[in-house]
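# Architecture and fold: a report
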Number of protein chains: 4
Amino acid sequence: MFKKGDWALLLEEGRAYKTVVRVGSGKAQTIRGFIDTDALAGAPHGAVITSSLGVKFKALPASIFDVIEHRFKLSAQAIYPKDAVHIVKAAGIGPGSVVAEAGTGSGFLTAVLAWYVKPWGVVYSFDNRTEHMKTAVRNLEAVGLLNYVELQIRDVVKSGFGALRVDAVVLDMGEPWKALEHVYEILRPGGSVVIFSTTVEHMAKSVEALKKRGYVNISIEEVLVRRWKSILGELRPETFDVTHTGWIISARRG
Amino acid sequence: MFKKGDWALLLEEGRAYKTVVRVGSGKAQTIRGFIDTDALAGAPHGAVITSSLGVKFKALPASIFDVIEHRFKLSAQAIYPKDAVHIVKAAGIGPGSVVAEAGTGSGFLTAVLAWYVKPWGVVYSFDNRTEHMKTAVRNLEAVGLLNYVELQIRDVVKSGFGALRVDAVVLDMGEPWKALEHVYEILRPGGSVVIFSTTVEHMAKSVEALKKRGYVNISIEEVLVRRWKSILGELRPETFDVTHTGWIISARRG
Amino acid sequence: MFKKGDWALLLEEGRAYKTVVRVGSGKAQTIRGFIDTDALAGAPHGAVITSSLGVKFKALPASIFDVIEHRFKLSAQAIYPKDAVHIVKAAGIGPGSVVAEAGTGSGFLTAVLAWYVKPWGVVYSFDNRTEHMKTAVRNLEAVGLLNYVELQIRDVVKSGFGALRVDAVVLDMGEPWKALEHVYEILRPGGSVVIFSTTVEHMAKSVEALKKRGYVNISIEEVLVRRWKSILGELRPETFDVTHTGWIISARRG
Amino acid sequence: MFKKGDWALLLEEGRAYKTVVRVGSGKAQTIRGFIDTDALAGAPHGAVITSSLGVKFKALPASIFDVIEHRFKLSAQAIYPKDAVHIVKAAGIGPGSVVAEAGTGSGFLTAVLAWYVKPWGVVYSFDNRTEHMKTAVRNLEAVGLLNYVELQIRDVVKSGFGALRVDAVVLDMGEPWKALEHVYEILRPGGSVVIFSTTVEHMAKSVEALKKRGYVNISIEEVLVRRWKSILGELRPETFDVTHTGWIISARRG
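From a predicted model like this one, the values you see are computed outputs, not experimental measurements. (Residues numbered from 1 in each chain as written. Chains lettered and ligands numbered in written order. Predicted model: local features only at pLDDT ≥ 70, side-chain atom pairs only at ≥ 80, totals over all residues. Heavy atoms only, no water.)

### Let's talk about the pattern of salt bridges
Applying the stated criterion across every chain yields a total of 44 salt bridges over all chains. Notably, a salt bridge pairs C:D6 with C:K3, separated by 3.5 Å at the nearest N-O pair. What emerges from the salt-bridge pattern is a single network uniting A:E12, A:R15 and A:R32. (Salt bridge = Lys/Arg side-chain N within 4 Å of Asp/Glu carboxyl O.)

### Observations regarding the packing of aromatic side chains
Counted according to the given criterion, the structure contains 24 aromatic pairs over all chains. Ring plane angle 85 degrees and centroid distance 5.7 Å describe the contact between A:W120 and B:W120, whose orientation is recorded as edge-to-face. On the criterion of chain membership, the pair formed by A:W120 in the loop between helix 3 (108-117) and strand 8 (122-127) and B:W120 in the loop between helix 3 (108-117) and strand 8 (122-127) is interchain, its members lying in two chains. Exposure remark for A:W120: the relative accessible area of 61% places this residue in the exposed category. By the ring-pair criterion, three or more aromatic residues cluster together here, those being A:W228, B:W247, C:W247 and D:W228. In this structure, A:R253 packs its charged tip against the face of A:Y184, placed 4.1 Å from the ring centre. Above the ring of D:Y17, the side-chain terminus of D:R32 is found at 4.9 Å from the ring centroid. (Phe/Tyr/Trp six-rings, centres within 6.5 Å; stacked < 30°, edge-to-face > 60°. Helix = DSSP H or I, 4+ residues; strand = E, 2+ residues; numbered from the N terminus. Buried < 20%, exposed > 50% of the residue type's maximum accessible area, 1.4 Å probe, protein only. Lys NZ or Arg CZ within 6 Å of the ring centre and 35° of its normal.)

### Regarding the relation of the copies chain B and chain D
Aligned on chain D, chain B shows an RMSD of 0.0 Å; the corresponding rotation is 180 degrees and the shift along the axis is 0.0 Å. One copy is carried onto the other by what is essentially a two-fold rotation axis. Across chain B, the rotation axis passes nearest the C-alpha of B:D241, at a separation of 3.0 Å. The overlap is high: 100% of the interface residues of chain B also sit at the interface in chain D, so the same surface is used on both sides. (Least-squares fit on C-alpha atoms with pLDDT ≥ 70 in both. Contact = heavy atoms within 4.5 Å.)

### Points about the interface of chain B and chain D
Each side of the interface is counted separately: chain B has 24 residues, and chain D has 24 residues. Roughly 1900 Å² is buried in total at the junction of chain B and chain D, and carbon and sulfur atoms are behind 50% of that figure. Considering only the side of chain B, the residues that lose the most area to chain D are B:R226, B:R236 and B:T243, jointly responsible for 28% of the buried surface there. Our enumeration of links across chain B and chain D arrives at 2 salt bridges. Taken together, the links from chain B to chain D amount to 21 residue pairs in polar contact (both at pLDDT 80 or more). Every element with two or more residues in the side of chain B that touches chain D is listed here: helix 7 (200-212), strand 12 (216-229), strand 13 (236-237) and strand 14 (240-242) of chain B. Counting residues per element, the side of chain B that touches chain D draws most heavily on strand 12 of chain B, at 4 residues. Among the residues making up the side of chain B that touches chain D, the classes are represented as 10 nonpolar, 7 polar and 7 charged. (Buried area = accessible area lost by both parts, 1.4 Å probe. Polar contact = N/O pair within 3.5 Å; in protein donor to acceptor, adjacent residues only side chain to side chain. Nonpolar A, V, L, I, M, F, W, Y, C, P; charged D, E, K, R; others polar.)

Remember, this is a structural readout, not a statement about activity or role.
Structure, rendered in structure tokens:
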């Protein structure tokens, strides 16, 4: 049953259009007319709801990735959900992990990290821009994950990460190689550092810095997801799609 | 500090060779000579250990994926770690999730699912072959995840999944479309079903069955990981690599 | 030096915009203003020409692929230049080859085939729709390749290819498996047949028909071109691009 | 009908094994026993021939690519047939083109270029190593394409290409950016230069040099061929395959 504050994934019946709304947040605008989200409170999962234009939607509980994909105000970052889960794997992150992240950005990756470290882990997330933090707080609160995150406005290149001891560090920032000195201070032996780079030169500099600082087990990977159309009798991959987001570079503190 | 029963990732110094051994399990054979794993007990993470052939290794705590990749006896299944984490994402699985899986196989995917649902979730895993169960129990115990898994020898096509109510169902079995009727009985509204298919015909039959049974939000994806060599000045993708494992088909119970 | 009837590739100076115009065809409209193509007649290759909006373009002789990509009225076909040259390779086509093609469509693939069989080869191209033929004639004439092509309005499934003896047959049509019986009649022993299929079911039926009819050395390939942005310091693949056109199936007459 | 000196593609009946032999060259060793190639002279295309171990092969005329793939002694170069035809397209090469190439290497790419420029075009191919030239001459003669190639032992970086005027230049050499100055001297305005690079740093330097020297319409592409297994009912891409050869960089002389 939906209750106020829940996120609902609305799937148009017989069509591919979908959207995500928050239950109990009044009228939500969609390209298929308005949805009365207050009427969803108390409705069972799987209920059918009709928009102001008479379009029928099936309402299902939204997953964390549904909310992120449809509702996060993404700032100029390029990590996609496909990358986020691969980063979680590459960093060896799981329930209970203690993780540091720089920078926070919109809080998208922060939310994914928090989702996988809960209920006993924590994500320390750093960003040097106040407006990023405001967006991230709003986003993390909206998906109920703010409890698992410690946010701090801080330039980690200049000031380091503070007195932490973490299992993994994730860097999604401008010049990550400049932060590696401080990463070493907080990472436990054997802990993982993961860097996300969108250009080849950025990736090369990151790899060079990792080698110079003695990190081991360095790997460079790109994750490509090939989506297929699901029309029976005409199965084929999508004709146009995302072909590049970035490189996921991972290494261990030796 | 390593203690008896821990898994250690051994990285050859200055070379790419690596292996995983269990601390306190006596002499472990590697292609670089024997490793005295008993001597690792009490050593700090990051310690250097020397093989019987004089080869030096750095010993780091192994991640769950390190152990799985190096030590699981994989039976004839084709799910790779890259697929396993994408399945976790596609199914919306996280800490606390209640998941059903058929079939268990070597327990590789079971272990990954258990790793992400702990400490409060559970994986119900079914297989109709006794030898698979034996392998899976041994593997899950070795990585300390057996506590989060309920294993059962059972043909889910014939007998269903029993009286369960789950958040997600993962099918990695011969003819998954025959199990979809029973999947519907145990899946909560809005819950996810994920099917792994290695051939196009298998994938098409799975999609057809999902549509016929009223599942919604169907997606078909392939995950391709492009690994790069990390030699500075000569950066390039690997020349040969894995180019296909299978399709990840996901849908929601409407 | 450009002369009337030549095709010119116009590259905007300092920008990525480009277009193709025909020399001596009057004023050509572009999104950067009008180009006086008559003024190009007599200008040297590499000349700079200015549009009515004052935008400067460098004028170079266009290659066959430049003309095709910018000027052909493509009907509902999905073969891209990357596929066309791979088809030429898969079919073993070269200068002097005698090739049959069904269907002609816009004449795009026909033009590429003609380009590589000239000066002594010939392409027999069949289509059962008159409007396709009209488009193809116009296109082939525009690129000066009509001399190397014999066009015929004919349903090859019903009526076959006539009394030919060819080195290769290329099928880019609705149900190519229905034409294979007739392909066998005109193909020399050891000659190649290449089929282009855009869906998996179409591809599977084609492969099945090839096997049933005794063709040998069957191969199924997809050609994926990954384009990179060429901004120095920010090298990376394109973010969005074409991810699927079709499968190229080739086989030899045994 | 096969005649002495022809190349025959031998396909094992009912199996995937294949090889290429030269008709009239005595006994040829294969992993399925010896083949009496003298007996092939006079046999029709499509004839069945039996090896000394009783294995049956169907004999078809080999294409240029069959011979190259099976018989060329490839030195340390990494261009694959998929790349070679894409280079032909990127360079706008066709029958009658005049092309310069550095370096010759085993003559593999030279042969492909010659195959497409014949009967009236020519390939000027340069290499500074005598042993490469010897191999190339032998290879080009074996496939009957030596008539379309002018080979010269020469260091094009030091000494340039001589007094030529060409439609296209293809560089498959150690430091191609050092040869670009001389490329400009022989390339007609609007002509194409294509560089093959196997590492990202090599590619970046090539692009930088092209920009500095005023080349226009620069493009960077990778060609990836995804091969599928053709087992009906179990259609799927190959599990392991080539995942990287190199980048094809093309540009026009402005």
